[in-house]
Amino acid sequence: MFKGNASLYSMGETIKVCCAILVDNDKILCAQRSATMSLPHKWEFPGGKIEPGEKPEHALKRELSEELGIEIEVLQGFRSNFHRYSEGKQIELIPFLARIVDGNPDPVEHQAVIWLGVNELVGLDWADADVPIVDEFIKWYRHRRVD
Ligand SMILES: Nc1nc2c([nH]c(=O)n2[C@H]2C[C@H](O)[C@@H](COP(=O)(O)OP(=O)(O)OP(=O)(O)O)O2)c(=O)[nH]1
């Protein structure tokens with residue numbers, strides 16, 4: 001008999017999560033999960049779970065409004081990363097480059113938010129699912145065309 005979420009995870013459910021790489025003046029917004037959240041104290045890009053039938057971009061706007069009180073514009077998507085955490089939870093983390101169009105980030109769930117330069121990103125203790133996304137973003141950012 002299966003009980004609880006562990007059974008769902010072991011049956012292969014993949015949770016779709018969107019996240020925003022918010023850029024402003026060559027700084028990136030990084031958010032630290034609180035002690036009471038899963039993955040306590042890990043750093044991540046703000047975002048959250050996509051609801052059934054919801055478009056990822058819509059979920060992202062909703063989550064950033066709820067979590068940080070900001071309105072964003074989505075600029076482009078990046079390759080998503082599938083990751084299975086040791087407790088069995090499997091997520092597809094879908095990143096988007098975005099910018100703030102209204103408001104200042106004021107975290108209601110996160111322990112902290114900070115703006116860091118691209119070269120400083122590797123110094124944070126990222127959630128495991130974010131590590132390849134951070135690496136790929138850094139490479140993309142350094143080689144992007146500035147017209
Ligand atoms: N928002 C966000 N979530 C991430 C990132 N990396 C990463 O592993 N996650 C995980 C943490 C959560 O398990 C899940 C996102 O869920 P959520 O933001 O809606 O909130 P949650 O803390 O209530 O989730 P839960 O793990 O407690 O179920 O994805 C990231 O960069 N941004």
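How each quantity is defined
- Residues numbered from 1 in each chain as written.
- Predicted model: local features only at pLDDT ≥ 70, side-chain atom pairs only at ≥ 80, totals over all residues.
- Heavy atoms only, no water.
- Near = heavy atom within 4 Å.
- Polar contact = N/O pair within 3.5 Å; in protein donor to acceptor, adjacent residues only side chain to side chain.
- Areas by Shrake-Rupley, 256 points an atom, 1.4 Å probe, with all protein chains shown as cover.
- Helix = DSSP H or I, 4+ residues; strand = E, 2+ residues; numbered from the N terminus.
- Nonpolar A, V, L, I, M, F, W, Y, C, P; charged D, E, K, R; others polar.
- Phe/Tyr/Trp six-rings, centres within 6.5 Å; stacked < 30°, edge-to-face > 60°.
- Buried < 20%, exposed > 50% of the residue type's maximum accessible area, 1.4 Å probe, protein only.
- Expected span 1.5 Å × (residues − 1).
- Contact = heavy atoms within 4.5 Å.
- pLDDT = per-residue confidence, 0-100.
- UniProt positions renumbered as here; feature names shortened; annotations may be inferred.
- Core = buried A, V, L, I, M, F, W, Y, C linked by side-chain atoms within 4.5 Å.
- Salt bridge = Lys/Arg side-chain N within 4 Å of Asp/Glu carboxyl O.

A short note on the site of the ligand
Here's step 1: The environment of the ligand is formed by 17 residues, the closest being Arg-33, Ser-38, Tyr-85, Lys-89 and Asp-130.
Here's step 2: Glu-44 places a polar side-chain atom, nitrogen or oxygen, 3.1 Å from a nitrogen atom of the ligand.
Here's step 3: Note that a nitrogen atom of the ligand is positioned 3.2 Å from one of the backbone N or O atoms of Gly-47.
Here's step 4: When isolated, the ligand has an accessible area of 600 Å², and the protein chains bury 82% of it.
Here's step 5: Taken together, the elements giving at least two residues each to the shell around the ligand come down to strand 1 (14-24), strand 4 (47-49) and strand 7 (90-102).
Here's step 6: Here the shell around the ligand is composed, by residue class, of nine nonpolar, three polar and five charged.

A few points about the packing of aromatic side chains
Here's step 1: In this structure the tally under the stated criterion is six aromatic pairs.
Here's step 2: Judged by centre distance (4.8 Å) and plane angle (40°), the ring pair of Phe-45 and Trp-126 falls under tilted. With Phe-45 in the loop between strand 3 (43-44) and strand 4 and Trp-126 in the loop between strand 8 (112-117) and helix 3 (131-143), this residue pair connects regions lying 81 residues apart in the sequence. Here Phe-45 matches Trp-126 in class, with each residue buried.
Here's step 3: Joined through ring pairs, the aromatic side chains of Phe-78, Phe-137, Trp-140 and Tyr-141 make up one cluster.

Quick word on helix 2 (residues 56-68)
Here's step 1: Between the first and last C-alpha of helix 2 there are 17 Å, a value that for 13 residues agrees with the 18 Å anticipated at 1.5 Å per step.
Here's step 2: The inward-facing, buried residues of helix 2 contact strand 1, strand 2 (27-32), strand 4, strand 5 (71-77), strand 7 and strand 8.
Here's step 3: Backbone geometry just after helix 2 places Gly-69 at a positive phi near 65°.

What to know about the confidence of the model for the protein
Here's step 1: Model confidence for the protein is summarised by a mean pLDDT of 93, while 90% of its residues fall at 70 or above.
Here's step 2: Looking over the protein, one finds the lowest element-wise mean pLDDT in helix 1 (residues 4-10), namely 49, and the highest in strand 3, namely 99.
Here's step 3: Reported confidence for the predicted complex is 0.94 by ipTM and 0.91 by pTM.

A few points about the environment of Glu-71
Here's step 1: Along the polypeptide, Glu-71 turns up in strand 5.
Here's step 2: In this structure the C-alpha to C-alpha distance between Glu-71 and Leu-121, which are 50 residues apart in sequence, comes to 23 Å.
Here's step 3: Filtering out sequence-adjacent residues up to four positions away, Glu-71 remains in contact with Arg-99, Ile-100, Val-101 and Asp-102.

Side note on the UniProt feature "domain: Nudix hydrolase" (unreviewed entry) in the protein
Here's step 1: The positions UniProt marks with the feature "domain: Nudix hydrolase" (unreviewed entry) are residues 13-139.
Here's step 2: Structurally, residues 13-139 is divided into 17% helix and 41% strand, and its ends, taken at the C-alpha atoms, are 31 Å apart.

Section: the nonpolar core
Here's step 1: Counting 26 residues, the largest nonpolar core has Ile-21, Ile-28, Phe-45, Leu-121, Trp-126 and Phe-137 as its most contacted members.
Here's step 2: With residues near it in sequence (within four places) discarded, Phe-137 still touches Ile-21, Val-23, Ile-28, Phe-78, Leu-97, Val-118 and Leu-121.
Here's step 3: Judged by nonpolar contacts, the second largest core, of 14 residues, contains Cys-18, Leu-22, Leu-29 and Ile-94.

What to know about the pattern of salt bridges
Here's step 1: For the structure on display, the rule yields 10 salt bridges.
Here's step 2: A salt bridge links Arg-99 to Glu-73; the nearest nitrogen and oxygen atoms lie 2.7 Å apart. Highlighted residues: Arg-99 in strand 7 and Glu-73 in strand 5, separated in sequence by 26 residues.
Here's step 3: Relative accessible area serves as the criterion here: at 38%, Arg-99 is assigned to the partly exposed category.
Here's step 4: Put simply, Arg-79 and Glu-136 hold a salt bridge, and the shortest N to O gap is 2.9 Å. Residue Arg-79 is located in the loop between strand 5 and strand 6 (81-84), and its partner Glu-136 is located in helix 3; the two are separated by 57 residues in the primary sequence.
Here's step 5: Looking at Arg-79, the relative accessible area reads 60%, which means it is exposed.
Here's step 6: For Glu-136, a relative accessible area of 35% corresponds to the partly exposed category.
Here's step 7: Beyond isolated ion pairs, a larger network of salt bridges with shared partners links Glu-51, Glu-54, Arg-62, Glu-63 and Glu-66.

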